[in-house]
Amino acid sequence: MSNQVPNQLAVSITGVNFDSPLLLASGYITETPEFFLRSAKRGCAAMVTRSLKENPRGEVTAPRYYVPNGAEYMLNAEWGNEYPWTRWRDEWVESVVQTGKPLIISLSGRDIESCVKLVQAFNHSEIAAYEINVSCPHSSFLHGNNNVDFTHIKNLVIAVKKVATKPVWIKLGYSSFMVDMAIEAQNWGADAIVSTNSIGPGLAIDIETSRPALGIKGGRGGVSGKGIFPIALESVWTLCQKLSIPVIASGGASDAESVLQMLMAGAGAVQLYTEPALHGPKVFGEIQTGLYEYCKGHETTITELIGCSLRWANDDHSFEAQQKPVVVVDEDCTGCGLCVPACAFNAIKMKNLGAGNRSLAVVDDMCITCNACIGVCPQNCIVPTNQIIGETHDP
Ligand SMILES: Cc1cc2nc3c(=O)[nH]c(=O)nc-3n(C[C@H](O)[C@H](O)[C@H](O)COP(=O)(O)O)c2cc1C
């Protein structure tokens with residue numbers, strides 16, 4: 001696909017126009033514009049800077065990042081900025097603005113006074129919006145959990161909205177108070193909610209040394225990446241039912257399918273961090289192509305898809321069909337047999353069938369549709385019965 005983004009992908013949030021719903025989220029890869037400048041050529045519609053702080057914070061003991069082999073998630077104990085915030089104001093805003101794509105300035109919301117100072121410092125720049133970060137789980141653990149502090153969110157939003165000349169997005173981290181915190185932010189004038197930051201905190205232990213894998217005091221870090229996707233999706237889905245302001249998704253999105261799920265749950269756009277951080281800017285190109293093909297195939301647009309799933313939110317939509325055994329699509333089955341040990345009920349047997357004695361998986365009535373075989377099948381050839389019967393998206 002060329003650099004020209006197809007019209008079907010365009011979205012608009014808080015008055016800011018994006019040529020696709022794919023945004024680069026805040027973190028070390030947005031310390032400088034470099035990663036975004038490459039991503040912008042591959043379908044990334046906008047970037048959010050690293051959360052800027054007025055004063056540099058002390059160094060954190062290394063390591064600050066932990067990625068297990070297989071990369072299903074990442075732990076981070078990110079801390080101070082690598083560069084003074086003034087570099088954004090003096091040089092880097094301009095280099096992003098030149099791409100013609102929106103730039104969102106992320107600011108730490110921990111110290112309200114210095115957050116307000118930085119808002120004032122950027123008010124005259126050609127930036128599109130502010131994103132105020134209320135919510136890193138590791139710093140919450142060490143320095144107090146603003147993410148569940150209703151007085152803090154009220155004071156923060158009032159103070160920032162008083163001075164900001166651009167839309168103010170409030171970024172929260174997942175917690176059982178998240179919906180109420182978001183409503184509080186909305187009540188005091190927030191223009192959008194970004195959900196969710198990395199969640200946790202989480203922990204990893206190096207079994208050779210018995211020490212935590214992260215060097216931060218206490219070893220705790222925020223969890224991000226594919227592993228948090230279902231939690232992040234549910235938080236978007238719930239927030240979109242409770243709020244009247246837009247919700248921007250963040251958390252675990254990694255491919256076109258996960259981005260589409262976030263949009264259908266009601267997200268106006270989707271931020272990505274860990275997936276491009278691990279696999280590079282090409283991730284945006286692959287997802288953009290997937291979104292385009294989906295829109296084309298379903299004769300729809302991204303805007304039409306936003307929130308289309310919410311009509312199911314209060315529906316008891318159990319599928320009668322799912323009570324029947326899963327179905328193996330014979331043409332695609334290679335007979336690898338990986339599904340057999342995944343079945344606790346011995347309901348899958350490999351049988352020699354067809355020409356050339358091909359081995360195929362065959363499912364019998366002992367199947368309780370636990371779907372474990374679907375998860376381990378490398379060919380994607382085992383499907384729930386309702387998928388065969390044909391429930392399709394009807395925009
Ligand atoms: C190493 C790292 C650093 C991050 N730094 C910030 C930050 O400075 N400000 C912020 O709001 N979020 C920060 N985040 C959170 C991400 O922007 C994103 O919300 C989170 O990782 C979940 O999305 P993902 O699963 O796509 O990574 C950071 C995440 C990681 C992994």
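Data block above holds the structure.
K.L.:
Can you help me understand helix α2 (residues 86-97) in this one?
P.N.:
Because each turn of an α-helix spans 3.6 residues, side chains separated by three or four positions end up pointing in the same direction. Counted at 1.5 Å a residue, the expected span for α2 with its 12 residues is 16 Å, and the 16 Å between its end C-alpha atoms agrees. Along its buried surface, α2 packs onto α1 (34-40), β4 (46-48) and β7 (103-108).

K.L.:
What should I look at first to understand the site of the ligand in this one?
P.N.:
Of all residues adjacent to the ligand, which total 26 residues, the nearest are A25, G27, S224, Y273 and T274. The residue makeup of the shell around the ligand, split by class, is 8 nonpolar, 14 polar and 4 charged.

K.L.:
What's the story with the sheet that holds strand β11 (residues 199-202) in this structure? I'm lost.
P.N.:
In sheet architecture, strand pairing relies on hydrogen bonds along the backbone and comes in two forms, parallel and antiparallel. The strand order across the open sheet built from 4 strands is β5-β6-β12-β11, with neighbouring strands paired in antiparallel fashion. This sheet does not close on itself; its edge strands, each paired only once, are β5 (65-66) and β11. Sheet analysis places β11 next to strand β12 (residues 221-224), joined by 2 bridges and oriented antiparallel. By the bridge assignment, I199 is partnered in β12 with V223.

K.L.:
Looking at this model, I keep getting lost on the nonpolar core. Mind explaining?
P.N.:
Across soluble globular proteins, you tend to see nonpolar side chains buried next to one another. Core analysis: the biggest nonpolar cluster contains 94 residues, and L23, I170, I193, V236, M262, A267 and V270 have the highest contact counts within it. Here this core gets 6 residues from one element, more than from any other, and that element is helix α7 (residues 229-242). Non-local contacts of I193, meaning those with residues more than four positions away in its chain, are made with I170, L172, A182, A185, L239, L243, I245 and V247. Core analysis: the next-biggest nonpolar cluster, separate from the first, contains 11 residues, C339, A347, C377 and I382 among them.

K.L.:
Where do I start with the sheet that holds β7 in this structure?
P.N.:
Read around the closed barrel, the 8 strands follow the order β3-β4-β7-β8-β9-β10-β13-β14; overall the barrel is parallel. Strand-to-strand, the axes of this sheet are offset by a mean angle of 25 degrees, without reference to chain direction. Examined bridge by bridge, strand β10 (residues 192-195) and strand β13 (residues 247-250) share 3 bridges and lie parallel to one another. If you follow S195 over to β13, its bridge partner there is A249. Its contacts with the sheet place helix α6 (residues 178-187) against β9 (168-172) and β10, and it is angled at close to 165 degrees to β9.

K.L.:
Mind showing me how you'd approach the environment of C373 here?
P.N.:
With respect to the secondary-structure elements, C373 resides in helix α12 (residues 372-376). Considered as a pair, C373 and T303 are 70 residues apart in the sequence and their alpha carbons are 35 Å apart. The contacts of C373, once residues within four sequence positions are left out, are V326, C339, A342, C343, I348 and I382.

K.L.:
Just to check I follow, could you spell out helix α5 (residues 150-163) for this structure?
P.N.:
Between its first and last C-alpha atoms α5 spans 21 Å; for 14 residues at 1.5 Å apiece the expected length is 20 Å, and the two agree. Where α5 is concerned, the buried positions are I153, L156, V157 and V160. The buried residues of α5 occupy an angular sector of 95 degrees when the element is viewed end-on, so they sit on one face. Every exposed residue of α5 that faces more than 90 degrees away from the buried side is listed here: T151, I158 and K162. In this fold, the buried residues of α5 make contact with α3 (112-122), β8 (129-133), β9 and α6.

Reading guide: rules and limits
- Residues numbered from 1 in each chain as written.
- Predicted model: local features only at pLDDT ≥ 70, side-chain atom pairs only at ≥ 80, totals over all residues.
- Helix = DSSP H or I, 4+ residues; strand = E, 2+ residues; numbered from the N terminus.
- Expected span 1.5 Å × (residues − 1).
- Contact = placed C-beta atoms within 7 Å.
- Near = placed C-beta within 6 Å.
- Nonpolar A, V, L, I, M, F, W, Y, C, P; charged D, E, K, R; others polar.
- Pairing = 2+ DSSP bridges.
- Core = buried A, V, L, I, M, F, W, Y, C linked by C-beta atoms within 7 Å.
- Buried ≥ 20, exposed ≤ 12 C-beta atoms within 10 Å, placed from the backbone.
- Axes fitted to C-alpha atoms, helices over the stretch in contact; angles between N-to-C directions.
- Arc of directions from axis to C-beta.

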